[in-house]
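Below are the chains, spelled out letter by letter.
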Amino acid sequence: MTFLAEHFNLFRGLHIIAVIAWMAGMLYLPRLYVYHCRATPGSEMDATFQEMEVKLLRIIINPAMIATWLFGLCLIAGDAQMRPGGWAFLLTPWMLTKLAGVILLSGWHGFLAGARRRFANGTNSRSEKFWRMSNELPFLAAVVMVLAVTTEFVF
Ligand code: HEM
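Anyway, here's the lowdown on the structure attached to this text. Note that the structure is predicted; figures quoted are calculated from it, not measured.

### Remarks on the overall build of the chain
Then step 1. For the chain, the helix and strand inventory stands at six helices and zero strands.
Then step 2. The linear arrangement of helices and strands in the chain, starting from the amino end, is α-α-α-α-α-α.
Then step 3. Projected onto its principal axes, the C-alpha positions of the chain cover 60 × 35 × 20 Å.
Then step 4. Summarising the internal contacts of the chain: among those between residues at least 6 apart in sequence, 74% fall at separations of at least 24.
Then step 5. When the accessible surface of the chain is totalled, it reaches about 8,900 Å², and 71% of it is carbon and sulfur.

Rendered as structure tokens:
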């Protein structure tokens, strides 16, 4: 058995820890954007939000996404070695659902990073209501993904 298959459960644990950090950051950042909408560009409040947002993104969200992907890819390689059908599990309904969620969350991550830059140069055009409403989307995606990977549903 290779290193990845031998330490599969360690990678699964590290993967879940990274997922928790990524999701926590991605649920918190739009909350900052909700209140940042009330700050006048160039004001002290604006500067404080900018500092909080850039630190949250660079110290927590970005590293957590990289770790989630890294350990997730290790798990894919480990699964391909351990599962009877090898790589075929990637085309099962539950894994396809999971991977669709991964692409959605990674895209949302990119959108949030772009929004931070727009707040920083005073060009955010999204409303407080938009950030409040859209904040639930990643959580809904995570619910579907966690249920998909734990139930391994098939039609
Ligand atoms: C970023 C890319 C990701 C990849 C490539 C990936 C891939 C995987 C793979 C291959 C497994 C092992 C499945 C198994 O054989 O049991 C796994 C487990 C898991 N993943 Fe991910 N994943 C990713 C992101 C996420 C995200 C964003 C979430 C949650 C929102 C998540 C939640 C989980 C959970 C909870 C498990 C453990 C399931 C169990 O132990 O039964 N993953 N992931």
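This is not the end of the story, as more comes after the structure.
### Points about the coordination of the iron atom of the ligand
Then step 1. Distances from the iron atom of the ligand to its protein donors, namely His15 (NE2) and Lys98 (NZ), fall within the range 1.9 to 2.1 Å.
Then step 2. Its six donor atoms give the iron atom of the ligand angles of 81 to 177° at the centre, a pattern that matches the octahedral case. Of the two residues, His15 is situated in helix H2 (residues 8-36) and Lys98 in helix H4 (residues 93-120); the sequence distance between them amounts to 83 residues.
Then step 3. Residue His15 is classed as buried on the basis of its relative accessible area, which comes to 12%.
Then step 4. Lys98 gets classed as buried once you look at its relative accessible area, which sits at 14%.

### Focus on the pattern of salt bridges
Side chains that differ in sign of charge can pair as their charged atoms come close.
Then step 1. Per the counting criterion, the structure on display carries five salt bridges.
Then step 2. Where Asp79 meets Arg83, a salt bridge forms, and the shortest distance between an N and an O atom there is 2.9 Å.
Then step 3. Notably, a salt bridge pairs Glu128 with Arg132, separated by 3.0 Å at the nearest N-O pair. Placement of the pair is Glu128 and Arg132 together in helix H5 (residues 128-134), with a separation of four residues, close to one helical turn.
Then step 4. Overall, Arg132 belongs to the partly exposed group, its relative accessible area being 31%.
Then step 5. Because the salt bridges share partners, they merge into one network encompassing Arg38, Glu128 and Arg132.

### Examining the packing of aromatic side chains
Then step 1. Overall, the coordinates contain eleven aromatic pairs when judged by the stated rule.
Then step 2. Where Tyr33 meets Phe119, the ring centres are 4.9 Å apart and the plane angle is 25°; that geometry is what we call stacked. One end of the pair, Tyr33, is in helix H2; the other, Phe119, is in helix H4, and 86 residues separate them in sequence. Each member of the pair Tyr33 and Phe119 is classed as buried.
Then step 3. Taken together, the aromatic side chains of Tyr33, Trp108, Phe111, Phe119, Phe130 and Trp131 make up a single cluster linked through ring pairs.
Then step 4. Over the face of the ring belonging to Phe130 we find Arg126, whose NZ or CZ atom lies 4.6 Å from the ring centre.

### Quick notes on the side chain of Asp46
Then step 1. Among the secondary structure elements, Asp46 is positioned in helix H3 (residues 44-82).
Then step 2. For the buried Asp46, which has no salt bridge, the nearest side chain bearing the opposite charge is Arg116, at an N-O separation of 9.7 Å.
Then step 3. Separated by 2.6 Å, the side chains of Asp46 and His36 make a polar contact.
Then step 4. Contacts of Asp46, omitting those with residues within four sequence positions, involve His36, Ala39, Thr40, Pro41 and Phe119.

### Things to note about the environment of Leu112
Then step 1. Its location among the elements puts Leu112 in helix H4.
Then step 2. On the basis of relative accessibility, which here comes to 1%, the residue Leu112 falls in the buried class.
Then step 3. Residues in contact with Leu112, not counting those within four places in the same chain, are Met26, Leu29, Pro30, Tyr33 and Trp131.

### Some words on unusual backbone geometry
Then step 1. Phi angles above zero are rare outside glycine, and Glu152 is one such case at about 50°.
Then step 2. Tracing the sequence through the fold places Glu152 in the segment after helix H6 (137-151).

Procedures and definitions
Note on numbering: residues in each chain are counted from 1, in written sequence order. Residue-level local features of this predicted model are given only where pLDDT is at least 70; pairs of side-chain atoms are given and counted only at 80 or more, and the full residue set underlies all totals for whole chains, interfaces and linings. With hydrogens and water set aside, each side-chain value is computed from the structure's full complement of heavy atoms. Secondary structure elements are taken from DSSP: a helix is a run of H or I of four residues or more, a strand is a run of E of two residues or more, and numbering for both begins at the N terminus. Whether two residues are in contact is decided by their heavy atoms, any of which lying within 4.5 Å being enough. For accessible areas, the Shrake-Rupley method is used with a probe of radius 1.4 Å. Any residue's cover is judged against the shown protein chains and nothing else. The donor set comprises N, O and S atoms within 2.8 Å of the metal, extended to 3.2 Å for Na, K and Ca; water molecules are omitted, so apparent gaps in a site may simply reflect that omission. Labels for metal geometry use angle windows, namely 85 to 135 degrees for all angles of a four-donor tetrahedral site, and for square planar (four donors) or octahedral (six donors) sites opposite donors over 155 degrees apart plus all others within 65 to 115; sites meeting none of these are irregular. Only protein chains enter the accessibility calculation, which uses a 1.4 Å probe; a residue is then buried when its area is under 20% of its type maximum, exposed when over 50%, and partly exposed in between. Salt bridges are defined as contacts in which a side-chain nitrogen from Lys or Arg sits within 4 Å of a carboxyl oxygen from Asp or Glu. For this analysis, a ring pair means two rings from Phe, Tyr or Trp (six-membered ring only for Trp) whose centres lie within 6.5 Å, classed as stacked if their planes differ by under 30 degrees, edge-to-face if by over 60, and tilted for the remaining angles. Whether a charge lies above a ring is judged from NZ of Lys or CZ of Arg, which has to be within 6 Å of the ring centre and within 35 degrees of the ring normal. Asp and Glu are treated as the negative residues and Lys and Arg as the positive ones, with His and the ends of the chain left uncounted. Here a polar contact is taken to be a pair of N or O atoms separated by no more than 3.5 Å, where protein atoms must pair a possible hydrogen donor with a possible acceptor and residues adjacent in sequence count only if both atoms sit in side chains.

These values are about where atoms sit, not about what they do.
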